[in-house]
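Each chain, letter by letter, is given below.
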Amino acid sequence: MNQMKSDAPALRPSFSLFALIALLGLAILAAVAQVPHPAAAPGTLNAADVAWMLTATAFVLIMTPGLSFFYGGMVRPKNVISTMLQSFVALGVISVLFYFVGFSLCYGDSWHGLIGNPLTFAMLRNVGTAPNPAFAASIPFVLYFAFQLKFAIITPALITGSFAERVRFKGYLAFMVLFSLFIYCPLAHWTWHPEGFLHKWGVLDFAGGTVVHISAGVAALAGAMVLGRRSANLRPTSFSTPNVPYVMLGTGLLWFGWFGFNAGSALGANELAAVSFVNTNLASGAALIAWILVEIVRGGKPTAVGACTGAVVGLVAITPAAGYVDYGQSILIGVIGALVSHAAVHWQNSRTTIDDTLDVFPCHGLGGIVGMLLTGVFAAKDGLFYGKTSLFGYHVLGLVIVVAYSFIGAWVLLKITDRIFGLRVKLQEEELGLDLSQHEESTYHIDEEFERTYRREPVTQNA
């Protein structure tokens, strides 16, 4: 069996108590610390920009619950709650982490273009209603923090689709924190900080194709490889999508929220926001159609899940390019993204033993890679399409660096997490379902005798 064996002991209540005490201590520190929050001077804010960015921030927030429905609809009923919670819990964990240190690592004083000083904006020091011209000159800096926080929240949540139905919840929480600190924050600094080395090279990532989707997709590939295949995937089993309406609801929420994701990255109520808004919709719509047509050409029927997957791939592919390309080019980006991702999904599931449960790498990883490369092709005035090679060359070089860093970094962090906390649930816990074994909740009826057996006779997992 190609399964990872975890010898780490289950997390004891004493450790959870220690974590609770640590959280309480940090909360007390945050409450009593005298941290300056500069107030905006009269006339320094643009009311329209503030209104739009508040709205866009709320839009991006709704993407994470949307993702939980999207993923929750594609797993077996006994794992729906656990899969949805893995996305939802990031709203809490990353919010606190970003407040204390994450935002500062992303946007604090740069250390050689590689990482921010963790103390610059720790606990929102010097982050208030006054704008920071280095990042957004017309809105409160604290609103910029809130907007960027939502990106940090959804990134680790995206990864969960690759190891759904077999990951230990507490191990996942530990990995989420490590990934955010050591993968997401450096990538955000490289790409979006004025002193970041990718930013200085001229690498363009309008709204997170590189920072969010490539990093999450590549880390997802590492996660699927480290945790190994699901036990049911090692024997003949009929898998089906149990809740297509959940998938469609999740897609609708993601599409809706993506307007804030991309158009909000214009950081104001301006022409750039309007252009990226329209490009976002066009790319997603084109990808949806392309995916359905490929299903038919391959001899199948047009499926709702296929339409939803295509739409999401289009959203991913246009994300790095949304503010830099023409409307027609966004349609082509969506179509190419769908074709590449569909081919990759088919190849991964038929020609490899990789069990990327919800195809995170083919859809988010490769979708983001397609978007990053085509941004280098079509970016107005500087792209390969306009006869200039410098930008495209830096995009290729940046892509190699980001993919290598994300994969190797995630692999190492997964191994460390497994060693300390344990990542893979036991075989019997997996068979019972993560809803019951990890959370003691369920959306369906469980055989009482099987549950009694599970509680009375724990079984070790085979290697």
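Residues numbered from 1 in each chain as written. Predicted model: local features only at pLDDT ≥ 70, side-chain atom pairs only at ≥ 80, totals over all residues. Heavy atoms only, no water.

Draft legend 1. Fine view of the overall build of the protein. In terms of helices and strands, the protein carries 17 helices and two strands. Here the protein has a C-alpha radius of gyration of 22 Å; the compact-globule value for 463 residues is 23 Å, and the two agree. With the principal axes as the frame, the protein shows a C-alpha extent of 70 × 60 × 35 Å. Across the 463 residues that make up the protein, the buried fraction comes to 55%. When contacts within the protein are restricted to residue pairs at least 6 apart in sequence, long-range pairs at least 24 apart make up 77% of them. (Helix = DSSP H or I, 4+ residues; strand = E, 2+ residues; numbered from the N terminus. Rg over C-alpha atoms; globule rule 2.2 N^0.38 Å. Buried < 20%, exposed > 50% of the residue type's maximum accessible area, 1.4 Å probe, protein only. Contact = heavy atoms within 4.5 Å.)

Draft legend 2. View of helix α11 (residues 304-318). In this model α11 runs 22 Å from its N-terminal to its C-terminal C-alpha over 15 residues, within 8% of the 21 Å that 1.5 Å per residue would give. Buried residues dominate α11, accounting for 14 of its 15 residues. (Expected span 1.5 Å × (residues − 1).)

Draft legend 3. Local environment of the packing of aromatic side chains. Under the defined criterion, the tally for this structure stands at 33 aromatic pairs. Taking the centre distance of 5.5 Å and the plane angle of 55° together, the rings of F378 and F385 count as tilted. Judged by relative accessible area, which is 9%, F378 ranks as buried. Given a relative accessible area of 53%, F385 falls into the exposed group. (Phe/Tyr/Trp six-rings, centres within 6.5 Å; stacked < 30°, edge-to-face > 60°.)

Draft legend 4. Local environment of the packing of helix α2 (residues 47-72) against helix α3 (residues 80-88). Contact geometry for α2 and α3: axes closest at 8 Å, N-to-C directions at 155°. The orientation of α2 relative to α3 falls into the category roughly antiparallel. At the point where α2 passes α3, the crossing takes the right-handed sense. Facing T64, P65, L67, S68, F69, Y71 and G72 of α2, the residues of α3 in contact are V80, T83, M84, S87 and F88. (Axes fitted to C-alpha atoms, helices over the stretch in contact; angles between N-to-C directions. Parallel < 35°, antiparallel > 145°, perpendicular 65-115°, else oblique. Left-handed = near helix turned anticlockwise from the far one by under 90°.)

Draft legend 5. Expanded view of a nonpolar patch on the surface. On the surface, a cluster of nonpolar side chains totalling about 520 Å² of accessible area is made up of M225, I408, W411, V412, I416 and I420. Here the element with the most residues in the nonpolar patch is helix α14 (residues 390-420); it accounts for five residues. For I420, the position within the fold is in helix α14. (Patch = residues over 30% accessible without salt bridge, like charges linked within 9 Å, V, L, I, M, F, W, Y side chains within 5 Å. Areas by Shrake-Rupley, 256 points an atom, 1.4 Å probe, with all protein chains shown as cover. Salt bridge = Lys/Arg side-chain N within 4 Å of Asp/Glu carboxyl O.)

Draft legend 6. A look at the side chain of H395. Here H395 is to be found in helix α14. If sequence neighbours within four positions are ignored, H395 has contacts with G202, V203, L204, M372, T375 and G376.

Draft legend 7. Structural detail: the nonpolar core. Residues F103, Y107, Y184 and F261 are the most contacted members of the largest nonpolar core, which totals 109 residues. Ignoring any residue separated from it by four or fewer positions in sequence, one finds Y107 in contact with F121, F135, Y144, Q148, A188, H189, W192 and H193. Counting residues in each nonpolar core, the second largest holds seven residues, with A287, A290, V345 and C363 among its members. (Core = buried A, V, L, I, M, F, W, Y, C linked by side-chain atoms within 4.5 Å.)

Draft legend 8. Spatial organisation of the environment of G337. With respect to the secondary-structure elements, G337 resides in helix α12 (residues 327-351). Taking C-alpha positions, G337 is 6.2 Å from G314, a pair spaced 23 residues apart along the chain. If we ignore the near neighbours within four places in the chain, the residues touching G337 are V313, A317 and V370.

Draft legend 9. Representation of the pattern of salt bridges. Under the counting rule described, the total for this entry stands at seven salt bridges. One salt bridge in this structure joins E430 and R424, with 2.8 Å as the shortest N-O distance. Residues E430 and R424 agree in their burial class; the two are buried. Within the structure, one salt-bridge network assembled from shared partners comprises R76, E165, R166, R230 and D355.

Draft legend 10. Expanded view of the packing of α12 against helix α13 (residues 360-378). Viewed as axis vectors pointing N to C, α12 and α13 meet at an angle of 145°, and their least axial separation amounts to 9 Å. As for the relative orientation of α12 and α13, their crossing is right-handed in sense. Between α12 and α13, the residues in contact are Q329, L332, I333, I336, G337, V340, S341, A344, V345 and Q348 and F361, P362, C363, L366, G367, V370, L374 and F378, respectively. Among the residues making up the contact of α12 with α13, the classes are represented as 13 nonpolar, five polar and no charged. (Nonpolar A, V, L, I, M, F, W, Y, C, P; charged D, E, K, R; others polar.)

Draft legend 11. Structural view of helix α8 (residues 209-227). Compared with an ideal rise of 1.5 Å per residue, which puts 19 residues at 27 Å, α8 spans 25 Å between its outermost C-alpha atoms and is within 8% of the ideal. Within α8, 18 of the 19 residues are buried, leaving the element largely enclosed by the surrounding structure. Directly beyond the C-terminal end of α8, a positive phi value near 80° is found at G228.

Draft legend 12. Representation of the environment of F407 within the structure. Along the chain, F407 turns up in helix α14. Classification of F407 by relative accessible area gives partly exposed; the value is 23%. Once the C-alpha coordinates of F407 and S330 are considered, the two residues, 77 residues apart in sequence, prove to be 28 Å apart. Each residue touching F407, except ones within four places of it in the same chain, is listed here: V218, L221, A222 and M225.

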